[in-house]
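# Chains, contacts and geometry: an overview
Each chain, letter by letter, is given below.
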Amino acid sequence: MHRASTHLRARGLTWTPWGAEPTLVGIDLEVGVGERVLITGASGSGKSTLLRALAGVLVDYAPGDLTGEVSSGAGEGVVCLLLQNPTDQVVAGTVGRDVAFGPENLGITGDSLHAIVRRSLGSVGLRHLAPDRRSTHLSGGQGQRLALAGLLAMQPSALLLDEPLAMLDHESAAEARTAIVRVAEHSGSALVIADHDLAGWWPHIDRVIVLEHGRIVFDGSPEDASAHLHSPELWLPGASPPAEPIEIAWQPDPAAEAPDAEPRLSGYGLGYSTSSGTRLASADIELKPGDGVAVTGPSGAGKTTLLRLLAGWYRPSRGVLMASTSLRGAHPQEPYRWASKDLAARIAFMGQNPDRGIVAKTVLEEVLLTRRLTGRFTRKDIPRAGRLLECLALDHAEARNPHTLSGGEQRRLAIAAAVASDAPVVLLDEPTVGQDRSTWRGIRAAIELLRQHGRSLAVSTHDARLSPFLNIHAEIRPVSGEHRS
Ligand SMILES: Nc1ncnc2c1ncn2[C@@H]1O[C@H](COP(=O)(O)OP(=O)(O)OP(=O)(O)O)[C@@H](O)[C@H]1O
Ligand SMILES: [Mg+2]
């Protein structure tokens, strides 16, 4: 298919959300045909905003004032944007229809359409998913790859990707990265990727752009970046996790300290299936006071499902899950039988897509919400919440609407809310996704704090850097037929 060359161009681009300070300031940027650009910078520096601006969708996304110019190419060719939260991008009920949506809108039909759908799913490692599989019944990583397949199917002339690999394990990430680079090579499309993890992209990119508070502070080759960039918040290739711990001036309520060392939650042979298939085959897990259990396993193995079972969301289809007497009090043994208020007071859960859990109108209120709803709120909770927000680099945003936070900021808010609830059991689904090197340290500190105070943690994660801060490793085996070939 013939495509005209596409340049992405921004001139003096400034974006000011209504009632706020500008979040992009005087951006001058040109991306040439076939060029591959990596945009990085601290969480909240403006990466997603810049991608939305280049895709021409900023004004549809949020109310604000846009000054300067932004244009994409010669008017031909498709500019595709992969959103930071890929579930926002599901457009059709089944996997096949979802991938077909873009090419269908370009007028492609019949056998060519089927071939494109198959090839696109295959290129991101989703060959094994039946085309009639419900697109909403996917793991976070599968959802991310589905969204990517939908974009690759359109053979775009410019591909703008916002943290496209964030939810994927190492192997799936490598596969998806190869697919992205291959498509860009074949089609000659411009590639602009926003990411925190730089090492994997390094050999594949021509240019690195670093944002700081909405401004471009570096624009050069990866070689120049390696030689000249020393920003402590960037995960430059070879950067180790920050060694120095940070103290969180936050004391949990001693009432929730552990009375003994028996596991608060014990699950044996836990499995979960619905009419649409098996989401978790079998898992054993024990959460003792002070434990941090790393729940690992390939994309789609059932890590999130296990955490949800522990959180009492579902009744396990197989196996048993028991809560200790100290955790459950007078309530039944199985968490799924508890009322939601009793669950919230005992088990804090941070989901993989934290934006979905937002309820309150301000950041501070979101942190205090569970305390209020479970009848445990006291005035002391307000300064305590403030200290947590400070450690998670959100103190500047206390009065903000949580929906206006960046992806990384929303995740830290959800972690702050889980910690502040003071529940004895804390479940975190991919807590470090989308974090820069400095905000990563805040999350690590929160995990260490909870363990020091005898809370029981289960943390689903692909982040090998977290391993030293978790003492038990529970690897989830993939559901048969779900693993990639
Ligand atoms: N309506 C708004 N009011 C005030 N600030 C806003 C608004 N919308 C976005 N922001 C701020 O703009 C900044 C840039 O957001 P953006 O999502 O572009 O960051 P990012 O670099 O992609 O961060 P992350 O790495 O966490 O995804 C953030 O600090 C965010 O809180
Ligand atoms: Mg972002």
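These notes cover the structure that comes with them. Along each chain, the written sequence defines residue order, and numbers are assigned to residues from 1. The order in which chains are written sets their letters, starting at A; the order in which ligands are written sets their numbers, starting at 1. Owing to the predicted nature of the model, reporting of local features is limited to residues with pLDDT of at least 70; listing and counting of side-chain atom pairs is limited to 80 or more, with chain, interface and lining totals taken over all residues. With hydrogens and water excluded, all non-hydrogen atoms of the structure serve as input to the side-chain values.

The subject of this paragraph is the sheet that holds strand β17 (residues 472-475). Taken in spatial order, the 5 strands line up as β14-β15-β16-β12-β17 in an open sheet, and their pairing is parallel. At either margin of the open sheet sits one strand with a lone partner, and together these are β14 (347-350) and β17. This sheet shows a mean twist of 15° between the axes of neighbouring strands, independent of strand direction. Taken together, the 4 bridges between strand β12 (residues 292-296) and strand β16 (residues 456-460) define a ladder with parallel strand orientation. If you follow G292 over to β16, its bridge partner there is L457. Taken strand by strand, helix α8 (residues 303-310) contacts β12, β14, β15 (425-429) and β16, and its axis lies near 155° from that of β15. Should any heavy atoms of two residues lie within 4.5 Å, those residues are considered in contact. Angles run from 0 to 180 degrees between N-to-C directions of axes, and those axes are lines fitted to C-alpha atoms, restricted for helices to the stretch in contact. Helix and strand definitions here come from DSSP, where helices need a minimum of 4 consecutive H or I residues and strands a minimum of 2 consecutive E residues; each element is numbered from the N-terminal end. Of the strands in this sheet, β14 and β15 are in contact with helix α13 (residues 407-420), which crosses β14 at around 180°. Note: two strands are recorded as paired if DSSP finds a minimum of 2 bridges between them.

The next subject is the site of ligand 1. One heavy atom within 4 Å of a molecule or strand makes the whole residue count as near it. Near ligand 1 you find 21 residues, and of these S43, T49, R400, S406 and E409 are the closest. Within the side chain of S48, one N or O atom sits 2.8 Å away from an oxygen atom of ligand 1. Computed with a 1.4 Å probe, the accessible areas rest on the Shrake-Rupley method; for each residue, only the protein chains presented here act as cover. In the complex, 88% of the free accessible area of ligand 1, which totals 650 Å², lies under the protein chains. The residue classification treats Ala, Val, Leu, Ile, Met, Phe, Trp, Tyr, Cys and Pro as nonpolar and Asp, Glu, Lys and Arg as charged. All others, Gly included, are polar. Taken together, the residues of the shell around ligand 1 sort by class into 4 nonpolar, 13 polar and 4 charged. Counting only domains with at least three residues in the shell around ligand 1, you end up with domain 1 (8-228) and domain 2 (254-475). Here a polar contact is recorded for every N or O atom pair within 3.5 Å, except that within protein the pair must consist of a potential hydrogen donor and a potential acceptor, and residues adjacent in sequence are included only if both atoms are side-chain atoms. Domain segmentation is taken from an automatic or database assignment of domains.

Attention shifts here to helix α6 (residues 170-187). In this model, α6 (18 residues) spans 26 Å end to end at C-alpha, consistent with the 26 Å of a helix rising 1.5 Å per residue. All of the buried residues along α6 are S172, A173, A176, R177, A179, I180, V181, V183 and A184. Of the residues flanking the end of α6, it is G188, one or two places downstream, whose phi is positive at about 70°. One fewer than the residue count of a helix, multiplied by 1.5 Å, yields its expected span. In this scheme, a residue with accessible area under 20% of its type's maximum is buried, one over 50% is exposed, and one in between is partly exposed, where area comes from a 1.4 Å probe on protein chains only.

Here we come to the pattern of salt bridges. Salt bridges are defined by distance alone: a side-chain nitrogen of Lys or Arg within 4 Å of a carboxyl oxygen of Asp or Glu. Tallying each qualifying case throughout the model produces 17 salt bridges. A salt bridge links R97 to E104, with the nearest nitrogen and oxygen atoms 2.7 Å apart. Relative accessible area serves as the criterion here: at 46%, R97 is assigned to the partly exposed category. Residues joined by salt bridges that share partners form a network here, namely R371, D381, R384, D422 and R455.

So, about helix α14 (residues 437-452). An ideal rise of 1.5 Å per residue puts 22 Å on 16 residues; α14 measures up with 23 Å between its terminal C-alpha atoms. Of all the positions in α14, only R437, T439, W440, R441, G442, I443, R444, A445, A446, I447, L449 and L450 are classed as buried. Structurally, α14 contributes buried residues whose contacts are with α12 (381-391), α13, β15 and β16. Among the residues of α14, the N-terminal cap falls to D436, whose side-chain oxygen and the backbone nitrogen of S438 are separated by 2.8 Å. After α14 finishes, the residue G454 shows a positive phi value of roughly 75°.

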